[in-house]
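Take a look at the letters that make up each chain.
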Amino acid sequence: MLDLINVSYDTQIPNNVGLSSDKRVLKALEKWHPGYINWWSDLIPQNFQQSLVYLRTAVSVDPKGWAKFDYVKMPEYRWGVLLAPQVEGRTIPCGEHAGQPAWQEVPGEYRNLMKRLIVIQGDTEPASVEQQRFLGLTAPSLYDMRNLFQVNVEEGRHLWAMVYLLHKYFGADGREEADDLLRRQSGSEEAPRMLGAFNEETPDWLSFFMFTYFTDRDGKMQLESLAQSGFDPLSRTCRFMLTEEAHHMFVGETGVGRTIERTCQVMNENGITDPYDINKIRDLGVIDLPTIQKKLNLHYTLSLDLFGQEVSTNAANAFNAGIKGRYMENRIDDDHKLTNDTYPVWDMVDGKLVRHEVPALTAINMRLRDDYSRDAAGGVGRWNKIIEKAGIEFEMKLPHESFHRQIGVFAGHNFDPEGNLLTGAEYDAKVNEWLPTKADGDFIQSLMKPVTEPGKYAGWICPPKVGIDNKPGDFEYVKLHMA
Amino acid sequence: MNTPIKQHLIDPEICIRCYTCEMTCPIEAIVHDDNNVVVDADKCDYCMACIPVCPTGSIDEWRVVTQPYSVDEQFGWEELPAQAEITQNEAAGGMEALDAAMAALLAEAHAGAGGKAKAPASAAKPTVNMYNLANPIEATVQGNYRLTADGSDSDIRHIILAFDGKPFPVLEGQSIGIMAPGTDDKGQPHLPRLYSVSSPRDGERPNYGNVSLTVKREEHGICSNYVCDLKPGDKVKVTGPFGATFLLPDDPQARLLMICTGTGSAPMRAFTMRRQRTVGAKSGGMTMFFGARSADTLPYFGPLKKVPEGLLKTHMVFSRLPDQPKEYVQDRMMVEQDAVAEMLGDPNTHIYICGLRGMEEGVGKALTNIAESIGVQWVALRDTMREEGRYHVETY
């Protein structure tokens, strides 16, 4: 009997999908494998490839086995294909086929739509590793370096997850798409990654934390809605990926939180009460809160663009087909078809912002974006508690969703972070107060000095409250290779 | 007064509200509102499925409470409450250990009981986890005596530890953890190994509060070699006590059927000494089936022969005697099946099984046969006895 919980190591590719008895797919994946290893090897600086990193690896997909921690060299990390256990009798949760048995194979009529969704999701995974490739060189601690590498190897595994689906269910087309996922490169002129936000380099650690908080959270929302897919293998893949994605959210939220905490600490130690006393604060080697707010504005708005057009027939089709559900579809109490429902979306009418009702089916993207904003607001509230506890008068805020947008109804218009429509001149006069400038970036960059002594942290960030895997404070999370 | 329980909590200052625990919990014991993610104490059955999936470590928080915090109370928290003072003898009723690793070890050792273990109704309330990995107690070795004959290839030791006036309230049947010094091949400190105490609660020597262990030297065993090589005056790091079910009933009329092999005799020795020092032969009595390869490898062979039969009836069973067929504890139980059957039928009987895991199967078969002979289905009887805190297994 096929063991679908424990990871099997009887092929080169660890998996819980019975690869050893699926020769066709095994062969295809084995052919793809060397290209992946080459991609990884060319990407991450060599001395990190040789270092021992304290990483978690799944040995099974049930709660007991999916977080085994040990030292491993990253190129020897057991990337593999892991699907959450099949739920017996699962049905298609939404759309016109709602209630019918979930598909175990791709229905022909939805083949292209489905492939497109999988390719877009798959493209973001290696892209983020490419964006973050040099951050190891400036890690503020071994703890943070380990977290970066954990995020990186798991994004790598998420690429594997999507590539498995392409190989298993999409034949020759799928194989070609899988190869293209390794061919495109973040920031490349001739073959860039598919989504804009994934072509920007992640230049410093605050950007990395903001990216994992805001942009990976878009990834989480997309995975959440794909986990609701009527195509069962996609749903199972995404459900398992979500447990890994939680770690990325953690790295982002605590990274920003620890940066804020350190700034507040240093302000208090030096008797600075005005958070806008920027030069004085920067002279003490920490990042002032207004600059952190600017980084927040940038990453939040770039991430909002990833949700696409507010009103979208593509999204409506995917929902109606049962390929992609809503966030927590299984907990929403309605008929899951949305045939007669409406949903309020933003629009520009006569130069004014209005929110009006449109058929809910076409507003799937808007709805997911709203869920995203709510989810993102939670952590901002927790950052504010840190500031409040330190007794400093400052509040981090999510900017209005119309601010700094390139996609959707707000694109091409100028809004301030409160959502007021501005002229181009008004906007240009103030934009440096709202978004990070080159000087801001240079200042942050100047703080990015590596700290590699176990238990020590760069001056601009606090140590974490709890270690990974409950390890003590001076634990050596990365045993650096000294060439 | 309510029995204290160990309540599972989530640290709201560390949790990032990813809800992975909530989605993982198989019985929906984890819920959230706009503020917090919390565990419902009425539902949580300590399956621990949520612990490894948490990315933050915020989920591994526990408080011993007499009145659990309600879900609504927890929703309002900005930070975790401190552990309230709970007096020693009311601490942690029913919980084997307060840290997950020790609890898991004990759960595995007790798995042979076929269900969730329960303490005897009249057992004293145990203290658990007074000392842990982060905060061990230092004990001084008072003695280290070889229990097996010098010529035999089995080296079993009687180790006596003193806590130098510091409190270490341990009951018969509980275990303590010994931390071997040094690190493993990955540079991590060794986890404590659990050893069942073989002395009664008032001490190896009455009212001295010292503790004895029965430890067999295992080839390549890091901790057992460390312990067996200890010399008087050596200092040892100890955690515990652990265990809250494999305990002696205080009811003197309780009848004990004890089945053990090798160092599995440690808790049986503690039970016997406790009774000897308290009710003596004016009790329901104890019967022990004790297996070893031969007399010179059976720990406490000499002293055992001197225990009066009115207190403890002992069957020593040997599997490697020259010129004799192998005999195991289950074989002798079949020989004594009338006596065993009579005990099985008595609601005052408590069964204790302790030793190597391999003994479970044979003993289970013998009990099945004997129960059948009186027209009782063993699995049903076992489940009843376990539910009533009268059936206890600890194997390794």
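Residues numbered from 1 in each chain as written. Chains lettered and ligands numbered in written order. Predicted model: local features only at pLDDT ≥ 70, side-chain atom pairs only at ≥ 80, totals over all residues. Heavy atoms only, no water.

**Student:** Just to check I follow, could you spell out the overall build of chain B for this structure?
**Tutor:** For chain B, the helix and strand inventory stands at eleven helices and 15 strands. Looking at chain B residue by residue over its 396 residues, the buried ones come to 54%. (Helix = DSSP H or I, 4+ residues; strand = E, 2+ residues; numbered from the N terminus. Buried < 20%, exposed > 50% of the residue type's maximum accessible area, 1.4 Å probe, protein only.)

**Student:** Mind showing me how you'd approach empty space enclosed by the protein here?
**Tutor:** Space left empty within the atom packing is revealed by a probe, the size of a water molecule, rolled over the atoms. Residues and elements named next belong to chain B. One pass over the full model with this rule turns up five cavities of 30 Å³ or more. Surrounding the largest cavity, 16 residues form its lining, Cys25, Cys44, Cys47, Met48 and Cys50 being those nearest its centre. A class-by-class count of the residues in the lining of the largest cavity yields 14 nonpolar, one polar and one charged. What the second largest cavity holds in volume is close to 90 Å³. Every residue lining the second largest cavity is counted, 15 residues in all, and those nearest its centre are Cys15, Cys18, Cys21, Cys54 and Ser58. Its residues assigned to classes, the lining of the second largest cavity shows eleven nonpolar, three polar and one charged. (1 Å grid on protein atoms, 1.4 Å probe; cavity = no way out; pocket = protein on both sides within 12 Å on 5 of 7 lines; lining within 4 Å. Points joined across faces, edges and corners; volume = space filled by probe spheres on them. Nonpolar A, V, L, I, M, F, W, Y, C, P; charged D, E, K, R; others polar.)

**Student:** Just checking my understanding: could you explain helix H1 (residues 23-43) of chain A for this structure?
**Tutor:** Spacing of three or four residues puts side chains on the same side of an α-helix, whose turn is 3.6 residues. All names here are of chain A. The terminal C-alpha atoms of H1 lie 30 Å apart, and with 21 residues this matches the ideal 30 Å at 1.5 Å per residue to within 8%. Helix geometry: H1 is bent most strongly at histidine 33, by close to 30 degrees, with proline proline 34 lying one to four residues after it. Those residues of H1 lying buried are Val25, Leu26, Ala28, Leu29, Trp32, His33, Tyr36, Trp39, Trp40 and Leu43. Here the buried face of H1 lies against helix H2 (46-49), helix H3 (111-131), helix H4 (142-169) and helix H5 (171-183). (Expected span 1.5 Å × (residues − 1). Bend = angle between axes of the 7 residues up to and from the residue. Contact = heavy atoms within 4.5 Å.)

**Student:** Looking at this structure, I do not really get the pattern of salt bridges. What am I missing?
**Tutor:** For side chains of opposite charge, pairing can occur when their charged atoms come near one another. Summed over the entire model, instances satisfying the criterion amount to 51 salt bridges over all chains. Residues aspartate 371 of chain A and arginine 374 of chain A are paired through a salt bridge, measuring 2.7 Å at the closest nitrogen-oxygen approach. Linking aspartate 371 of chain A with arginine 374 of chain A, this pair stays in helix H11 (residues 364-389), spanning three residues, or about one helical turn. For arginine 374 of chain A, a relative accessible area of 57% puts it in the exposed group. The residue glutamate 79 of chain B makes a salt bridge to lysine 389 of chain A at a minimum N-O spacing of 3.7 Å. (Salt bridge = Lys/Arg side-chain N within 4 Å of Asp/Glu carboxyl O.)

**Student:** Before we go on, may I ask you to explain helix H13 (residues 438-447) of chain A in this structure?
**Tutor:** All names here are of chain A. Every buried residue of H13 is accounted for by Asp440, Phe443, Ile444 and Leu447. Projected down its long axis, H13 shows its buried positions confined to an angular sector of 95 degrees, all on one face. Exposed positions of H13 whose direction lies more than 90 degrees from the buried face are Lys438 and Ala439. (Arc of directions from axis to C-beta.)

**Student:** How should I be thinking about the packing of aromatic side chains in this particular structure?
**Tutor:** Two aromatic rings, taken as a pair, are described by how far apart their centres are and by the angle between their planes. Residue and element names in this part refer to chain A. For the coordinates displayed, the defined rule picks out 42 aromatic pairs over all chains. Ring geometry for tyrosine 143 versus tyrosine 477: centroids 5.5 Å apart, planes at 75 degrees, classification edge-to-face. With tyrosine 143 in helix H4 and tyrosine 477 in the loop between H13 and strand S7 (478-479), the pair connects residues that are 334 residues apart, well separated along the chain. Here tyrosine 143 and tyrosine 477 have matching classes, each one buried. Between phenylalanine 208 and phenylalanine 209, the ring centres sit 5.7 Å apart and the planes meet at 45 degrees, which makes this aromatic pair tilted. (Phe/Tyr/Trp six-rings, centres within 6.5 Å; stacked < 30°, edge-to-face > 60°.)

**Student:** In this structure, what is going on with the UniProt feature "binding site: NADP(+)" (unreviewed entry) in chain B? I would like to understand it.
**Tutor:** Residue and element names in this part refer to chain B. Look at the UniProt record and you will see "binding site: NADP(+)" (unreviewed entry) annotated at Ser196, Lys216, Thr263, Ser319, Arg320, Lys326, Gly355, Leu356 and Glu394. For serine 319, the position within the fold is in the loop between strand S13 (312-318) and helix H8 (329-335). Filtering out sequence-adjacent residues up to four positions away, serine 319 remains in contact with Ala292, Arg293, Lys326, Glu327 and Tyr328. Secondary-structure assignment places arginine 320 in the loop between S13 and H8. On the basis of relative accessible area, arginine 320 is assigned to the partly exposed category, the value being 43%. Dropping the residues within four chain positions of it, arginine 320 is found in contact with Arg293, Ser294, Lys326 and Tyr328. (UniProt positions renumbered as here; feature names shortened; annotations may be inferred.)

**Student:** Even after reading the chapter, I still don't get the pairing of strand S12 (residues 286-292) of chain B, so can you show me in this structure?
**Tutor:** Regular strands place side chains that alternate from one sheet face to the opposite one. Residues and elements named next belong to chain B. Among the seven residues of S12, seven are classified as buried, and the element is accordingly described as predominantly covered. Along S12, one buried face is formed by Met286, Met288, Phe290 and Ala292 and the opposite face, lined by Thr287, Phe289 and Gly291, is buried too. In terms of handedness, the path from strand S11 (residues 255-261) via helix H6 (residues 265-277) over to S12 forms a crossover that is right-handed. One ladder, built from seven bridges, connects S12 with S13; its direction is parallel. Paired with alanine 292 across the bridge in S13 is phenylalanine 318. (Right-handed = clockwise from strand over helix to strand, strands pointing away. Pairing = 2+ DSSP bridges.)

**Student:** Mind showing me how you'd approach the interface of chain B and chain A here?
**Tutor:** Across the boundary between the two partners, chain B contributes 24 residues, which contact 27 residues of chain A. With both chains or domains summed, chain B and chain A bury close to 2,100 Å², and 54% of this area falls on carbon and sulfur atoms. Inspection of the chain B/chain A interface yields four salt bridges. Glutamate 13 of chain B is the partner of lysine 389 of chain A in a salt bridge, and the nearest nitrogen-oxygen pair spans 2.5 Å. Joining chain B to chain A, the criterion identifies three residue pairs in polar contact (both at pLDDT 80 or more). Residue assignment for the side of chain B that touches chain A shows that the elements contributing at least two residues are helix H1 (20-24) and helix H2 (50-53) of chain B. (Buried area = accessible area lost by both parts, 1.4 Å probe. Polar contact = N/O pair within 3.5 Å; in protein donor to acceptor, adjacent residues only side chain to side chain.)

**Student:** How should I be thinking about the sheet that holds strand S2 (residues 68-73) of chain A in this particular structure?
**Tutor:** Hydrogen bonding along the main chain pairs the strands of a sheet, whether they run parallel or antiparallel. Residues and elements named next belong to chain A. Pairing is antiparallel across the open sheet formed by three strands, whose spatial order is S2-S1-S7. Looking at strand neighbours, the two that pair on one side only are S2 and S7, the edges of this open sheet. Looking at chain direction, strand S1 (residues 52-57) and S7 are connected through two bridges and run antiparallel. Considered in S7, the bridge of valine 53 is made with valine 478.

**Student:** What is the right way to look at the sheet that holds strand S10 (residues 235-242) of chain B in this model?
**Tutor:** All names here are of chain B. Sheet architecture is open: six strands sit in the order S8-S7-S10-S5-S6-S9, paired in antiparallel fashion. The open sheet has two free edges, formed respectively by strand S8 (193-196) and strand S9 (211-216), since each of these has just one partner strand. Averaged over all pairs of adjacent strands, the angle between their axes in this sheet comes to 45 degrees, without regard to strand direction. Relative to S9, strand S6 (residues 156-162) runs antiparallel, the two being bridged by six bridges. For arginine 157, the partnering residue across the bridge sits in S9 and is valine 215. (Axes fitted to C-alpha atoms, helices over the stretch in contact; angles between N-to-C directions.)

**Student:** What am I meant to see in the environment of aspartate 347 of chain A here?
**Tutor:** Residue and element names in this part refer to chain A. Inspection of the secondary structure puts aspartate 347 in strand S3 (residues 342-349). For aspartate 347, a relative accessible area of 25% translates into the label partly exposed. Linking aspartate 347 and valine 311, residues 36 residues apart in sequence, is a C-alpha distance of 9.6 Å. If we skip the residues at most four places from it in the chain, aspartate 347 touches Lys352, Leu353, Val354, His356 and Val409. Within polar-contact distance, the side chain of aspartate 347 engages the side chain of histidine 356 at 3.0 Å.

**Student:** Before we go on, may I ask you to explain the confidence of the model for chain B in this structure?
**Tutor:** The predicted structure's coordinates, where accompanied by low pLDDT, should not be read in detail. Averaged over every residue, the pLDDT of chain B is 88; residues scoring 70 or more account for 95%. Listed scores for the predicted complex are pTM 0.69 and ipTM 0.84. (pLDDT = per-residue confidence, 0-100.)

**Student:** Would you explain the packing of H3 of chain A against helix H6 (residues 205-226) of chain A in this entry?
**Tutor:** Describing two packed helices takes the angle between their axes plus the distance from one axis to the other. Residue and element names in this part refer to chain A. Packing of H3 against H6 leaves a shortest axis separation of 12 Å and a crossing angle of 160 degrees. On the basis of their axis angle, the class for H3 and H6 is roughly antiparallel. Helix-helix and strand crossings are classified by hand; for H3 and H6 the assignment is left-handed. Of the residues in H6, those in contact with Leu117, Gln121, Ser128 and Gln131 of H3 are Phe211, Gln222, Leu223 and Leu226. Residue classes in the contact of H3 with H6 are distributed as four nonpolar, four polar and no charged. (Parallel < 35°, antiparallel > 145°, perpendicular 65-115°, else oblique. Left-handed = near helix turned anticlockwise from the far one by under 90°.)

**Student:** What am I meant to see in the side chain of glutamine 131 of chain A here?
**Tutor:** All names here are of chain A. Within the secondary structure, glutamine 131 is located in helix H3. Look at glutamine 131 and you get buried, because its relative accessible area is 3%. What glutamine 131 contacts, discounting residues up to four positions off in sequence, is Ser186, Ala197, Phe198, Asn199, Glu200, Glu201, Thr202 and Phe211.

**Student:** Is there a simple way to explain the side chain of serine 235 of chain A in this structure?
**Tutor:** One can find serine 235 of chain A in helix H7 (residues 232-269). If sequence neighbours within four positions are ignored, serine 235 of chain A has contacts with Arg90, Leu226, Ala227 and Ser229 of chain A.

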